[in-house]
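Examination of the molecular architecture
Each chain, written out:
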Amino acid sequence: MKVSYFETGRYRAPSDLPAIWPMPAAAYEPSEGARVYQGMIERITFAEQLGFDWISLSEHHYSPRILTPSPQVAAAYLAAHVHKIKIALLGPIVSHSNPVRVAEELAMLDTISDGRLVVGLLRGTPNETLTYDLNPQETRGRTDEGMELILKAWTEPHPFSWQGRHFRYRTVSVWPRPLQQPHPPTFALGTSREAAEFAARNRIGFGVSYGPFEIMAKATGHYRDECARRGWQPASDQIIFRANIILGETDAQAQRAMEAYPLRAAFSLSEGVARALLELDTRNIAGEMRPATINRPLPVNFVGGPDTVVNQIRRCRELTGAGVIDLGFNTPGTADPAALLDTLSLFGRKVIPHIRDI
Amino acid sequence: MTDIGARFRERSIEVDGFGVRYQEAGAGPALVHLHGAGGLRLTPALELLSRTFRVIAFEMPGFGTAENQRTQSIQDLATTMAVAVEALGLTQINLMGTSFGGAVACWMAVQRQDLVAALVLEAPSGIRPEGSEPVSGSPEEVARMLYAHPERIPAAPAVEPALAARRLALVRRLRGPGRDARLEEGLRGLGMPVLVLFGTQDVVIPPAMGRVYKDLLPNAHLMFVYDAGHAVMVERPEAFAEAVGDFLQRTDAFVISQTRTVVFP
């Protein structure tokens, strides 16, 4: 099992800040923001020393929860400071991006990082359709097409035109090309039938997140079935499972932390917006319709002391086939950077050595 | 567009001793179309193009009711089709070929640069990977080969098995090698604007074949039509007709966007 540390930026919001999205910009404290980015280097350097395989970044907007609205900018900064660990962008939101621009920036990052880039492409959480005025009913189609165009932009040797459904370009010819040829390890992220089938068809990886193992196993199972139907089998590290973890010195300590865990939605929308989005933003797991996660807290998949967490990781692997876990260390108090480093250290000492052979 | 053929009038003309059938619609600059291995079929994309161009869709000798044992090579067929064009009184045409018809169109452009003002190749089969086979089989098998989403395409009119077999034999006899040095040398010398289109999901001729056209013709435009299979104009008619129409009207300048982005004036 490979393990990835999910770096969210760790902006320390005042505890009395209401849980709303978008968060008013007035609540932002510039000097705290500066500390966030300085702290990134310390955390990922530490994660590298502890033996984490990847550092991951994701794209979210208008919120203190994840302070990387451009994960590409963050990745460029981090690439200059660490030299071994892989930098995983999980990922740029394809549905509201210019896919050619994404292809260019990722190729730059792969080259800047000496070929250490890992790429996850995704549709984005429902709130992000509001970020750049995107019709929620078009996000699926834009994501599928954008992913295809990004792969094409990386691999076509000649200038070409793209006559899509959502995108039209008459001239595409990206420089630089990625250092890793034909392109960096790439994953379609999500649980949908469409993402799984896109990944299988293009022989790329697949990543799921934030759900019970049994349910995420339906999505990864569909991906593996689709790969088999097309005559290939993904390697274990071509399936990523992203999850929250609450790690304690002991099970009891972790349970106490879990009880104190603020069960809040990641991006809390007003009721009217949430209701409308639930109708417009349709989601599925391996083709089975399910409501989008809106105004509901994300689960915590891994809770316990080191031995318990190792067993949970083993179970994750058995059920979902994932060979990479990408972990958000959300233990309350870890907004305090020192406490987070202690938790990372515990994971590095007591968990990592026992999951390599899983 | 319930009745695709409503705008088109069927006519025929005597050429090289062949009775050549064709469908014609619209007014404006001539756009001559050469069909693929499956024969002449009017499509919504041709209908759309006929609003701007005088579209003439030929049935090449041997693909209709009459047999053709006389044509010896794809070059011969190209020569015959050029004679057919001139017999209609045309001296300058936009030439568009689909798959096998794209290979014929390449030869006609090579032979008759004076006649062909611009060349459009839809998933052309003149340059093929080794082992590439023409499409054949049951209607369902053919649809799976031609389309990325066969379930979205209305079933084509049934073709008599004997006619289908005869067309397939004719294509096999005429199509020539997958890589033909004479054709490729000829393509290098083309001076007219060229547009090559491939569907991103083409499983008959891999879209990567487009790279060879760009190697031979650096000024050609290579276009990928997203989510289309081999029969691009059937599967993405609006996308196909917009690209081809814009290219024929503006040629190289079609790379300059004219899309308006003003939300409110």
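So, a few notes on the structure that sits alongside this text.

Quick notes on the rules
- Counting restarts for each chain: residues are numbered from 1 in the order of the written sequence.
- Numbering of ligands from 1 and lettering of chains from A proceed in the order in which they are written.
- Totals for whole chains, interfaces and linings use every residue, but because this is a predicted model, local features are given only for residues with pLDDT of at least 70 and side-chain atom pairs only at 80 or more, for both listing and counting.
- Processing note: side-chain calculations cover all non-hydrogen atoms of the structure and skip hydrogens and water entirely.
- Here a helix means four or more residues in a row that DSSP labels H or I, a strand means two or more in a row labelled E, and each is numbered from the N terminus.
- The quantity called the radius of gyration is restricted to C-alpha atoms. Its globule counterpart is 2.2 Å times the number of residues to the power 0.38.
- Two residues qualify as a contact provided that any one of their heavy atoms is within 4.5 Å of a heavy atom in the partner residue.
- The protein chains shown are the only cover counted for residues, whose accessible areas, like all others here, come from Shrake-Rupley with a 1.4 Å probe.
- Note on charges: Lys and Arg go in the positive column, Asp and Glu in the negative column, and His and the chain ends are not counted at all.
- Charged side chains are reduced to one point each, which is NZ for Lys, CZ for Arg, CG for Asp and CD for Glu.
- Just to be clear on terms, a salt bridge is a Lys or Arg side-chain nitrogen sitting within 4 Å of an Asp or Glu carboxyl oxygen.
- The buried label goes to any residue with under 20% of its type's maximum accessible area, the exposed label to any with over 50%, and the partly exposed label to all in between, with areas taken from a 1.4 Å probe on protein chains only.
- Here the quantity called buried area is the total loss of accessible area, with a 1.4 Å probe, experienced by two parts when brought into contact, counted for both.
- Under this definition, polar contacts are N or O atom pairs within 3.5 Å; protein pairs additionally need one hydrogen-donor-capable and one acceptor-capable atom, and for neighbouring residues in sequence, both atoms have to be side-chain atoms.
- Gly is put with the polar residues, along with every residue not named as nonpolar or charged; the nonpolar set is Ala, Val, Leu, Ile, Met, Phe, Trp, Tyr, Cys and Pro, and the charged set is Asp, Glu, Lys and Arg.

**Thoughts on the overall build of chain B**
Within chain B, the regular secondary structure consists of nine helices and eight strands. Relative to a compact globule of 265 residues, whose C-alpha radius of gyration would be 18 Å, chain B shows 17 Å and is just as compact. Along the first, second and third principal axes, the C-alpha set of chain B runs to 60 × 40 × 40 Å. Residue pairs at least 24 apart in sequence account for 77% of intrachain contacts in chain B once pairs closer than 6 positions are excluded. Of the accessible surface of chain B, which amounts to about 11,500 Å², a share of 53% is contributed by carbon and sulfur atoms. Within chain B, one finds 25 positive and 29 negative side-chain charges whose respective centroids are separated by 2 Å.

**Thoughts on the pattern of salt bridges**
Taken as a whole and assessed by the stated rule, the structure comprises 39 salt bridges over all chains. A salt bridge links aspartate 53 of chain A to arginine 356 of chain A; the nearest nitrogen and oxygen atoms lie 2.8 Å apart. Highlighted residues: aspartate 53 of chain A in the loop between α1 (30–50) and β2 (54–57) and arginine 356 of chain A in the segment after α12 (352–355), separated in sequence by 303 residues. The shortest N-O distance in the salt bridge between aspartate 180 of chain B and arginine 182 of chain B comes to 3.3 Å. One network of salt bridges, in which partners are shared, links Arg168 and Arg170 of chain A together with Glu242, Asp246 and Arg250 of chain B.

**Some points on unusual backbone geometry**
Between leucine 90 of chain A and glycine 91 of chain A the backbone carries a cis peptide bond, its omega angle lying at -15°. Each neighbour pair has its own omega, and for tryptophan 175 of chain A with proline 176 of chain A the value is -10°, a cis peptide bond. Mapped onto the secondary structure, proline 176 of chain A falls in the loop between β6 (168–172) and β7 (186–189). Even without a glycine there, the phi angle at asparagine 295 of chain A is positive, about 55°. Within the element layout of this structure, asparagine 295 of chain A appears in the loop between β11 (288–290) and β12 (302–304). A positive phi is found at alanine 123 of chain B, a non-glycine position, where the angle reads about 45°. On the secondary structure map, alanine 123 of chain B appears in the loop between β6 (116–122) and α4 (139–146). Using a relative accessible area of 0% as the deciding quantity, one classes alanine 123 of chain B as buried.

**Considerations on the interface of chain A and chain B**
With 19 residues of chain A at the contact, the number on the chain B side is 21 residues. Taking both partners together, chain A and chain B bury about 1,900 Å²; carbon and sulfur atoms supply 47% of that area. Looking at the side of chain A facing chain B, the largest losses of area belong to Gln163, Arg165 and Arg170 of chain A, adding up to 37% of the total buried there. Joining chain A to chain B, the criterion identifies five salt bridges. For arginine 168 of chain A, the salt bridge identified is with glutamate 242 of chain B, shortest N-O distance 2.9 Å. At the junction of chain A with chain B, the criterion picks out 19 residue pairs in polar contact (both at pLDDT 80 or more). Elements with a contribution of two residues or more to the side of chain A that touches chain B: α5 (139–155), β5 (160–163) and β6 of chain A. For the side of chain A that touches chain B, the element with the highest residue contribution is α5 of chain A, accounting for five residues. Of the residues that constitute the side of chain A that touches chain B, the class distribution is four nonpolar, six polar and nine charged.

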